[in-house]
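Coordinate inspection notes
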Amino acid sequence: MSSHAGPVRPGRSRFRRLLGELWFQVIVAAVLGVAVGLAAPGVGENLKPLNDWFIALVKMIVIPVVFCVVTTGIASMDNLRKAGRIGAKSIGYFLVLSLLSMLIGLLVANVFQPGAGMNVDPATLDASAVPASATEQHASFTGFVSSLIPESLFGAITGDGILAALLISIVFGVALNMAGPSAAPLTSGISALSTVVFRIVGWVMRLAPIGTFGALATVVATYGAGSLQQLGYLILLFLGTCVLYVVVILGAIMRVCRLSLLGLMRFLKAELLVALSTCSSEAVLPQLVRKLEILGIGRPVVGIVIPSGFSFNLDGSAVYLTMASLFLAQALGIDLSWQQQLVMVGVMMLTSKGTAGIAGGAFIVLASTITAVGHMPLAALALIVGIDRILNEGRVFINVLGNAVAAIVIGKWEKDFDHDRATTVLSARGEQVEALEAEYEAAQRSPGTGHLRTPRR
C-alpha cells in the first residue's frame, strides 16, 4: 500500500494548486455558465446580476487604485519632467496605434465585404432595437473635456470617472513632490493605503469566477445560436482580424522589445479570461496594474499609461468601428468612396475619445459617427445590436493586451523598465510566479513607493 501512496501525493498536490488558480476557476465557471445558458435559458437570463455585482465591486476599487498608484509614483520622482514625458509619449503611441487599427479594419472590410449582398431595405429596420444610450445623446469633444474636471478636488476620488481621477491624481502627486519633506508623512500614508487597496483588489478578484458564470449564462440564454448563424460571417471575420492583429501587430512590437508575446499572455491569462468573460476592460484594471509592476515596469509609467490607455488606446474597439461601419453600409447597399471612408475615420478618432468609461462605449461611438457623417440611417445599428456582445469579446481582449504592451513600450522608452526581470517573469511557471508575486507583496509592505528595484533614470 505504501509503495503506491508516494507517487499519488504530488499529483493531488498539483491538482489542488490548479484548483486554487484564478484562471482555472474562471475557465470552469465559463464552461458551467455556457452549459446552464443552453440547458436552462430561463435560469441563465436570471443570473445577470452575478456579473453586474462583480463589475460593480471592481469599479468600487478602480479609482482608489488609480489614485494610490499615480500619486505615489509621481510624488517619488526626482524629476517632474518625467511625468510630462510619459504622458506625451503615451498619447503619441495611442494615436498611432488607434489610427493603424482603424485602417486595418477598413482594409479588411473593403477586401472581404462582409455585408455585400444582404440588400437590406432601410424602411424595414426596427429603430426601437437600438439601445437608448446610443440615441439619446452622442459624445462630443466638449463633453469629454468637461468630464475631466470634477466638481470638487476629492469628488474625482469618490466618483467613477477614470480620467477625472487620473487628472486629480497627477495634480496631487505633483503637489506632494514639490512640497518636499513636509509632505513626506502624507506620501507615506498614501503608500500604506496602496497596500490596503491592493489587498482588497485580491479579495474582489477571487469573485471573478462568479461574475464569469453569470455573464456567460446570461449571454448564451439571451442570444443562443440564432445571432451566430445570421451574422456568422461578420463575427468570424472580425474575430479572425483580432487574432491577426495580436499575432502580427502586437507580436511585432513585442519582438522589437525582445520579449515573448505568448509569455505575456500566459502571465496575464487570468486577467484576459476575466475580461473576455465579463466583456469589461475595467474589470481587470486594478489587477493589471499590479501584474505590470511585478513584471518590472516603474510605477509612474504603469500609473499613467494604464488608466489613460483604457480611455485612449482601445485598439480592439478601433478595429470594430471601421469594420462595423462598412458592414452596415454594404448591407444597405451604400457605396462609400475612399474619401468618405477616411472622413469617417477622422470623425471616429475624435468621437472615440468622448466615451471613456462608458459601458458599451464602442457602440455609442459608432452611433455618434453615423449621426455626424450622415451616410446611413441610425436605425442601421439594429442589424448588429444582437451580436454586439459577441463582437465585444474580441474588442476587450485586444484592449487589455494592447495596453499591457503599451506600458512595456513606454517603460522601455523611459528607461524605467527592468528587462532582465521581465524576461524572468515571462519564463516563470507555477511556484516561480507565486514567489515573484510574494516578492512584490513584500516590497509593497516595505517603506518607499513599492518598486521592486530602483528605476534607471
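None of these values were measured; they are calculated from a predicted model.

Some details on the overall build of the chain
When its secondary structure is counted, the chain shows 23 helices and zero strands. Within the chain, the fraction of its 457 residues that count as buried is 53%.

With respect to the nonpolar core
Formed by 130 residues in total, the largest nonpolar core has its most connected members in L264, L295, Y320, L328, L366 and I384. The biggest single contributor to this core is helix α4 (residues 48–75), with 14 residues. Ignoring any residue separated from it by four or fewer positions in sequence, one finds L328 in contact with L366, I370, M376, A380, L381, L383 and I384.

Focus: the environment of V58
When you line up the elements, V58 lands in helix α4. For the pair V58 and A283, spaced 225 residues apart in the sequence, the C-alpha separation amounts to 5.6 Å. What V58 contacts, discounting residues up to four positions off in sequence, is V204, E282, A283 and P286.

Observations concerning the packing of α4 against helix α17 (residues 299–312)
Close contact between α4 and α17 brings their axes to 8 Å; oriented N to C, the two are set at 140 degrees. It follows that α4 is oblique to α17 by the angle criterion. The crossing of α4 and α17 is left-handed. Where α4 approaches α17, its residues V66, C68, V69, V70, T72, G73 and I74 are matched on the opposing element by R299, P300, G303, I304 and P307. Across the contact of α4 with α17, the residue classes break down as eight nonpolar, three polar and one charged.

A word on the side chain of T72
Checked against the element boundaries, T72 lands in helix α4. Within polar-contact distance, the side chain of T72 engages the backbone oxygen of V69 at 3.4 Å.

Comments concerning the confidence of the model for the chain
In the predicted model, the chain carries a mean pLDDT of 79, and 82% of its residues have values of at least 70. Scored below 50 in pLDDT, residues 1–8 shows zero contacts in the model against residues more than four places distant or in partner chains. Under a pLDDT of 50 for its full length, residues 447–457 has, in the predicted model, 36 contacts with residues more than four places off or in other chains.

Details of a nonpolar patch on the surface
Nonpolar side chains collect at one region of the surface, where L57, M60, L207 and I210 lie side by side and expose about 330 Å² of accessible area between them. Take M60: it is sitting in helix α4. Of the residues examined, M60 reaches a relative accessible area of 48% and is grouped as partly exposed.

Observations concerning the packing of helix α13 (residues 232–256) against helix α21 (residues 388–413)
Geometrically, a packed helix pair is captured by the angle between its two axes and the distance between the axes. Between α13 and α21, whose axes approach to 10 Å, the crossing angle comes to 5 degrees. It follows that α13 is roughly parallel to α21 by the angle criterion. Contacts between α13 and α21 involve I235, F238, L239, C242, Y245, V246, L250, I253 and M254 on the former and, on the latter, I390, L391, G394, R395, F397, I398, L401, G402, V405, I408 and V409. For the contact of α13 with α21, the per-class residue count stands at 17 nonpolar, two polar and one charged.

Description of unusual backbone geometry
With the exception of glycine, most residues fall at negative phi, and the peptide bonds are largely trans. The backbone of R258 sits at a positive phi, close to 60 degrees, despite the residue not being glycine. Locating R258 in the fold gives a position in the loop between α13 and α14 (261–267). Using a relative accessible area of 59% as the deciding quantity, one classes R258 as exposed. Positioned with a positive phi, K415 is a non-glycine residue whose angle comes to about 55 degrees. Inspection of the secondary structure assignment puts K415 in the loop between α21 and α22 (419–427). K415 sits in the exposed class, given a relative accessible area of 54%.

Overview of the UniProt feature "transmembrane region" (unreviewed entry) in the chain
When the UniProt feature table is mapped onto this chain numbering, "transmembrane region" (unreviewed entry) sits at residues 22–41, 53–70, 91–112, 153–179, 200–225, 231–257, 358–384 and 396–413. Its end C-alpha atoms 27 Å apart, residues 53–70 is made of 100% helix and 0% strand. Taken end to end, residues 396–413 comprises 100% helix and 0% strand; its first and last C-alpha atoms sit 25 Å apart.

A short note on the pattern of salt bridges
Taken as a whole, this structure holds six salt bridges when the rule is applied. Between K82 and D416 there is a salt bridge, with its nearest N and O atoms 2.7 Å apart. Placement of K82 in helix α5 (residues 81–112) and of D416 in the loop between α21 and α22 is noted, with a sequence separation of 334 residues between them. D416 sits in the buried class, given a relative accessible area of 0%. Ionic pairing is found between K291 and E271, a salt bridge with its closest N-O pair at 3.1 Å. Note that K291 is positioned in helix α16 (residues 285–295) and E271 in helix α15 (residues 269–278), a separation of 20 residues in sequence.

Examining the packing of aromatic side chains
The geometry of an aromatic ring pair is captured by two quantities: the separation of the ring centres and the angle between the planes. Inspection of the entire model under this criterion finds three aromatic pairs. Judged by centre distance (6.3 Å) and plane angle (75 degrees), the rings of Y93 and F94 are edge-to-face. The burial state of Y93 is the same as that of F94; both residues are buried. Summarising the aromatic geometry, the rings of F238 and Y320 are spaced 6.2 Å apart at their centres and angled 80 degrees between planes, so their arrangement reads as edge-to-face.

Regarding the side chain of S169
The topology assignment puts S169 in helix α9 (residues 162–179). Apart from the residues within four sequence positions on either side, S169 is in contact with V66, F67, V70, T71 and I157.

A few points about α17
Under the 1.5 Å per step criterion, the end-to-end length of α17 is 19 Å for 14 residues, consistent within 8% with the ideal 20 Å. Here α17 lies mainly inside the structure; 14 of its 14 residues are buried.

A word on α13
Along an α-helix, residues three or four positions apart point the same way, because every turn accommodates 3.6 residues. Here α13 contains 25 residues, and its C-alpha end-to-end distance of 35 Å stays within 8% of the 36 Å for a straight helix at 1.5 Å per residue. A maximum bend of about 30 degrees is found in α13 at L250. Taken from the residues just after α13, R258 is the one with a positive phi, measuring 60 degrees.

What counts, and where the lines are drawn
- Residues numbered from 1 in each chain as written.
- Predicted model: local features only at pLDDT ≥ 70, side-chain atom pairs only at ≥ 80, totals over all residues.
- Heavy atoms only, no water.
- Helix = DSSP H or I, 4+ residues; strand = E, 2+ residues; numbered from the N terminus.
- Buried < 20%, exposed > 50% of the residue type's maximum accessible area, 1.4 Å probe, protein only.
- Core = buried A, V, L, I, M, F, W, Y, C linked by side-chain atoms within 4.5 Å.
- Contact = heavy atoms within 4.5 Å.
- Axes fitted to C-alpha atoms, helices over the stretch in contact; angles between N-to-C directions.
- Parallel < 35°, antiparallel > 145°, perpendicular 65-115°, else oblique.
- Left-handed = near helix turned anticlockwise from the far one by under 90°.
- Nonpolar A, V, L, I, M, F, W, Y, C, P; charged D, E, K, R; others polar.
- Polar contact = N/O pair within 3.5 Å; in protein donor to acceptor, adjacent residues only side chain to side chain.
- pLDDT = per-residue confidence, 0-100.
- Patch = residues over 30% accessible without salt bridge, like charges linked within 9 Å, V, L, I, M, F, W, Y side chains within 5 Å.
- Areas by Shrake-Rupley, 256 points an atom, 1.4 Å probe, with all protein chains shown as cover.
- Salt bridge = Lys/Arg side-chain N within 4 Å of Asp/Glu carboxyl O.
- UniProt positions renumbered as here; feature names shortened; annotations may be inferred.
- Phe/Tyr/Trp six-rings, centres within 6.5 Å; stacked < 30°, edge-to-face > 60°.
- Expected span 1.5 Å × (residues − 1).
- Bend = angle between axes of the 7 residues up to and from the residue.

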